[in-house]
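The chain contents come next:
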Amino acid sequence: MEIIDAIILGIIQGLTEFLPVSSSGHLELGKAILGDNSVPEESLLFTVVLHFATALSTIVVFRKDILSLITGALKFEWNDDLQFIAKIAVSMIPAVIVGLFFEEQLESLFGGNILLVGCMLIITAVLLYLADKAKDTNKNVTFKNAFIIGISQAIAMLPGISRSGATISTSVLLGNDKTKAARFSFLMVVPLIFGKIAKDVLSGDLTYDSGNFTALSIGFVAAFIAGLFACTWMISLVKKSKLSYFAIYCLVVGVIAIIYALLN
């Protein structure tokens, strides 16, 4: 992979991980446009590295929240902080199940299936449109909500379904406060990403070529910096109820992707 390609894909990942437009879908589209001929396993390695970068950017943006959660949990009381952590754990269950039992089937979808990406982007657009029409409330995420949001996160493993878009939309449609929905959405993915990376490293599933170290490193830095910007921006956008703009964007890109796939 060329350095410029790694930078472009890193920026795409950093921006789209938080903006509700599907980072995995855009990465697949980006690879198709740039002519990436990697086999699914190699493609997945680069994707995992970029997701790791955006997970770190999430930690930086929410460092005060995370520190507060850790401090509250160490009091060993069933307080709001410990309950929030427990809800995060509940939300991870569906994705963990999918990752453990359907990993090979999932990986096979990350091989330039542009038609699938296009269809899933249109589904993302519908979710965002419905969420944008929902009334804002002051309701907190409940344990039941957390599990349902977790199901949407598991479905968002498909390329083209926005993880942030699906989880925030699901949370808002369940009647939760939009700002709290965004906070929960961004924090719930951090342990999942680190868990996935740890599993892949320990199992030896990721194939590594030392010749790709520079590209991986530069892609990581690009994704981290872009992630810092996008995460902060997205929090502001959710507060202002601007999801409909992303719905239009996903719809347009989805239709273009489908046309591209059918003509090639």
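Residues numbered from 1 in each chain as written. Predicted model: local features only at pLDDT ≥ 70, side-chain atom pairs only at ≥ 80, totals over all residues. Heavy atoms only, no water.

Engineer: Could you give an account of the nonpolar core, naming the residues involved and the relevant values?
Structural biologist: Counting residues in hydrophobic clusters, the biggest one holds 43 residues, and the most contacted among them are Leu19, Leu29, Ile88, Ile168, Phe184, Phe186 and Met234. For this core, the secondary-structure elements that each account for two or more residues are helix H5 (80–101), helix H7 (114–133), helix H8 (143–155), helix H9 (163–173), helix H10 (178–203), helix H11 (213–239) and helix H12 (243–263). Among the elements that make up this core, the one with the highest residue count is H10 (7 residues). Those residues within four positions of Phe184 in sequence are excluded, and the remaining contacts are Phe84, Lys87, Ile88, Ser91, Val141, Ala146 and Ile149. Listed in part, the 11 residues of the second largest apolar core include Leu9, Leu27, Leu45 and Ala53. (Core = buried A, V, L, I, M, F, W, Y, C linked by side-chain atoms within 4.5 Å. Buried < 20%, exposed > 50% of the residue type's maximum accessible area, 1.4 Å probe, protein only. Helix = DSSP H or I, 4+ residues; strand = E, 2+ residues; numbered from the N terminus. Contact = heavy atoms within 4.5 Å.)

Engineer: Describe the pattern of salt bridges, and please don't skip the residues or the numbers.
Structural biologist: One pass over the structure, following the stated rule, counts 1 salt bridge. Residues Arg183 and Asp65 are paired through a salt bridge, measuring 2.8 Å at the closest nitrogen-oxygen approach. Residue Arg183 is found in helix H10, and its partner Asp65 is found in helix H4 (residues 63–73); the two are separated by 118 residues along the sequence. Accessibility expressed as a relative area gives 26% for Arg183, which makes it partly exposed. With a relative accessible area of 25%, Asp65 lands in the partly exposed category. (Salt bridge = Lys/Arg side-chain N within 4 Å of Asp/Glu carboxyl O.)

Engineer: I'd love a proper account of the packing of aromatic side chains, names of residues and values included.
Structural biologist: Aromatic ring pairs are defined here through the distance separating the ring centres and the angle between the ring planes. One pass over the structure, following the stated rule, counts 7 aromatic pairs. Between Phe84 and Phe184, the aromatic rings sit 5.6 Å apart at their centres with planes inclined by 80°, giving edge-to-face as the arrangement. A residue pair is termed long-range when its members are at least 10 positions apart, and Phe84 in helix H5 and Phe184 in helix H10 qualify at 100 residues. Exposure class is identical for Phe84 and Phe184. Each is buried. Clustering of aromatic rings is evident, with ring pairs tying together Phe18, Phe62 and Phe186. The positively charged end of Arg183 is found above the aromatic ring belonging to Phe84, 4.5 Å away from the centroid. (Phe/Tyr/Trp six-rings, centres within 6.5 Å; stacked < 30°, edge-to-face > 60°. Lys NZ or Arg CZ within 6 Å of the ring centre and 35° of its normal.)

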